Amino acid sequence: MDTSTHFVMGIGLAGLAYVDPVVASSPMLAAAVMVGTIAGSQAPDIDTALRLKSNSLYIRNHRGMSHSPPFLLLWVLLITGVIALIFPDVPIGHVATWTAVAVGVHVFTDLFNTYGTQAARPFSERWIAWNIIHIFDPFLFASHVVAILLWAFDLISPAPLFVTLYIVIALYYVWRIIAHAQAVAKVKRLDNNKPALRYIVIPTISWNRWHVVKHFADNSYEIGKMDGAELTWHLHASSSTHAAVAASRKSPEVNAFLYFTSYAVAEVEELPAGYKVRWADVRYRHRKQYPFVAVVVMDRNFETIDTYVGWLSDEKMDKKLLSARS
């Protein structure tokens, strides 16, 4: 999920903690639990700080080891330890329990979107992405905000309020799982079950609209969308066989990009001074562009001039690489 949704979930779990009679009877403990659930709901994403060093390091590691079982335990121990210093008189076991719930909910909900996590590390480096919930889900965010406001204005007691909220959210997740399975089946039916290695059906911010990627055995892709009962294919994408593509794989930025995604295609643009190789993840399509990219600009001898990896519009990327294109 996005940072804002994780944040409101952290507050929501602090409200849910009032089902614990010990928490409900102690304002000091309730405050400590809220610190724990908010911190726990954010802690696995601390690897975002890797951006300060390099985008390639961030792409390779974000939602990686920080979302693994060993680190889940580490986050709980670190956060609980700090809270124990700030609130020395509270029963710390309750804080640890609710902090662990917050950390676990963070990682679990991240599995449901397209970006995914490496939640099985250190046993596997496979990226787990179930493609069921959009990375920003308006229902999840808005329902939490409404519940938090009802609590803040003392209109409804937190225990029944947040128990109800999370029952509704659990049912919502079940519905989205079923909706995704039905969408995959519908895509196959509408496409008349034409030969494909795999269909990747990706949620959008709209419940009835899905981004669709049809993966062929030759690692080419058909890109389209399903809006209601209408399936439309926009383009066919496959990697260029130009020698510059093979040369671009030596770039650390491209290596990081290809470590993260198995759905990449490369295209080559000839420049006055050499070539621009652009790798794009075909799962992400926004306004007819593919904003998640790795780009290498090289001379005629395939020596790297400039690179970029990350989320970027064509306009911003061209501006960044302008000097390398002349």
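In case you missed it, the structure is sitting above this.
Residues numbered from 1 in each chain as written. Predicted model: local features only at pLDDT ≥ 70, side-chain atom pairs only at ≥ 80, totals over all residues. Heavy atoms only, no water.

Draft legend 1. Spotlight on the side chain of Thr-5. Here Thr-5 lies in helix H1 (residues 3–16). At 2.5 Å, the side chain of Thr-5 forms a polar contact with the side chain of Asp-2. Setting aside residues up to four positions removed in sequence, Thr-5 forms contacts with Phe-136, Leu-140 and Phe-141. (Helix = DSSP H or I, 4+ residues; strand = E, 2+ residues; numbered from the N terminus. Polar contact = N/O pair within 3.5 Å; in protein donor to acceptor, adjacent residues only side chain to side chain. Contact = heavy atoms within 4.5 Å.)

Draft legend 2. Summary view of H1. Between its first and last C-alpha atoms H1 spans 20 Å; for 14 residues at 1.5 Å apiece the expected length is 20 Å, and the two agree. Counting buried positions along H1 yields 11 of 14 residues, so the element is predominantly enclosed. In the core, the buried residues of H1 are packed alongside helix H3 (27–42), helix H6 (92–110), helix H7 (138–152) and helix H8 (158–190). (Expected span 1.5 Å × (residues − 1). Buried < 20%, exposed > 50% of the residue type's maximum accessible area, 1.4 Å probe, protein only.)

Draft legend 3. Representation of empty space enclosed by the protein within the structure. Under the criterion given, the structure shown has one cavity of 30 Å³ or more. Space inside the largest cavity adds up to approximately 30 Å³. Ile-133, His-134, Asp-137, Pro-138, Tyr-172, Arg-176, Pro-203, Thr-204, Ile-205 and Trp-207 together form the lining of the largest cavity. Taken together, the residues of the lining of the largest cavity break down into six nonpolar, two polar and two charged. (1 Å grid on protein atoms, 1.4 Å probe; cavity = no way out; pocket = protein on both sides within 12 Å on 5 of 7 lines; lining within 4 Å. Points joined across faces, edges and corners; volume = space filled by probe spheres on them. Nonpolar A, V, L, I, M, F, W, Y, C, P; charged D, E, K, R; others polar.)

Draft legend 4. Main features of the pattern of salt bridges. Enumeration over the complete set of coordinates arrives at six salt bridges. One salt bridge in this structure joins Lys-214 and Asp-191, with 2.6 Å as the shortest N-O distance. Here the residue Lys-214 occupies a position in strand E2 (residues 209–215), and Asp-191 occupies one in the loop between H8 and strand E1 (198–203), the gap between them amounting to 23 residues. According to the relative accessible area criterion, Lys-214 is buried, its value standing at 5%. According to the relative accessible area criterion, Asp-191 is buried, its value standing at 5%. The salt bridge partner of Asp-281 is Arg-283, with a shortest N-O separation of 2.8 Å. For Asp-281, a relative accessible area of 0% gives the class buried. Given a relative accessible area of 8%, Arg-283 falls into the buried group. (Salt bridge = Lys/Arg side-chain N within 4 Å of Asp/Glu carboxyl O.)

Draft legend 5. Inspection of the nonpolar core at higher detail. With 37 residues, the main nonpolar core has Ile-133, Leu-140, Phe-162 and Tyr-173 as its most contacted residues. Broken down by secondary-structure element, the contributors of at least two residues to this core are H1, H3, helix H5 (69–86), H6, H7 and H8. Top contributing element to this core by residue count: H8, with seven residues. Excluding residues within four positions of it along the chain, Leu-140 makes contact with Met-1, Thr-5, Met-9, Ile-133, Ile-169, Tyr-172 and Tyr-173. Listed in part, the 21 residues of the second largest apolar core include Trp-127, Val-277, Ala-294 and Val-296. (Core = buried A, V, L, I, M, F, W, Y, C linked by side-chain atoms within 4.5 Å.)

Draft legend 6. Main features of the side chain of Thr-117. Within the secondary structure, Thr-117 is located in the loop between H6 and H7. Residue classification places Thr-117 among the buried positions, given a relative accessible area of 0%. When near neighbours in sequence (up to four residues on either side) are disregarded, Thr-117 contacts Arg-63, His-67, Val-107, Asp-110, Leu-111, Arg-126, Trp-127 and Ile-128.

Draft legend 7. The arrangement of the sheet that holds E1 in detail. Pairing in this open sheet of four strands is antiparallel, and the strands run E1-E2-E3-E4 from one edge to the other. Among the strands making up the open sheet, the edge pair consists of E1 and strand E4 (230–237). On average, each strand axis in the sheet is inclined to that of its neighbour by 20 degrees, with strand direction left out of account. Pairing of E1 with E2, which is carried by six bridges, proceeds in the antiparallel orientation. Across the sheet, Arg-198 pairs through a bridge with His-215, a residue of E2. Against the sheet, H8 engages E1, E2, strand E3 (221–227) and E4, with an angle of about 135 degrees to E1. (Pairing = 2+ DSSP bridges. Axes fitted to C-alpha atoms, helices over the stretch in contact; angles between N-to-C directions.)

Draft legend 8. Fine view of helix H10 (residues 252–260). When we look at burial in H10, the residues that qualify are Glu-253, Val-254, Ala-256, Phe-257 and Phe-260. Down the axis of H10, the smallest arc covering the buried residues is 160 degrees, so these residues share one side. (Arc of directions from axis to C-beta.)

Draft legend 9. The arrangement of the environment of Glu-270 in detail. Relative to the assigned elements, Glu-270 resides in strand E5 (residues 264–271). Since its relative accessible area comes to 54%, Glu-270 is described here as exposed. Sequence-wise, Glu-270 and Gly-36 are 234 residues apart; in three dimensions their C-alpha atoms are separated by 53 Å. Once you skip the residues sitting within four places of it in the chain, Glu-270 turns out to touch Tyr-275 and Arg-300.

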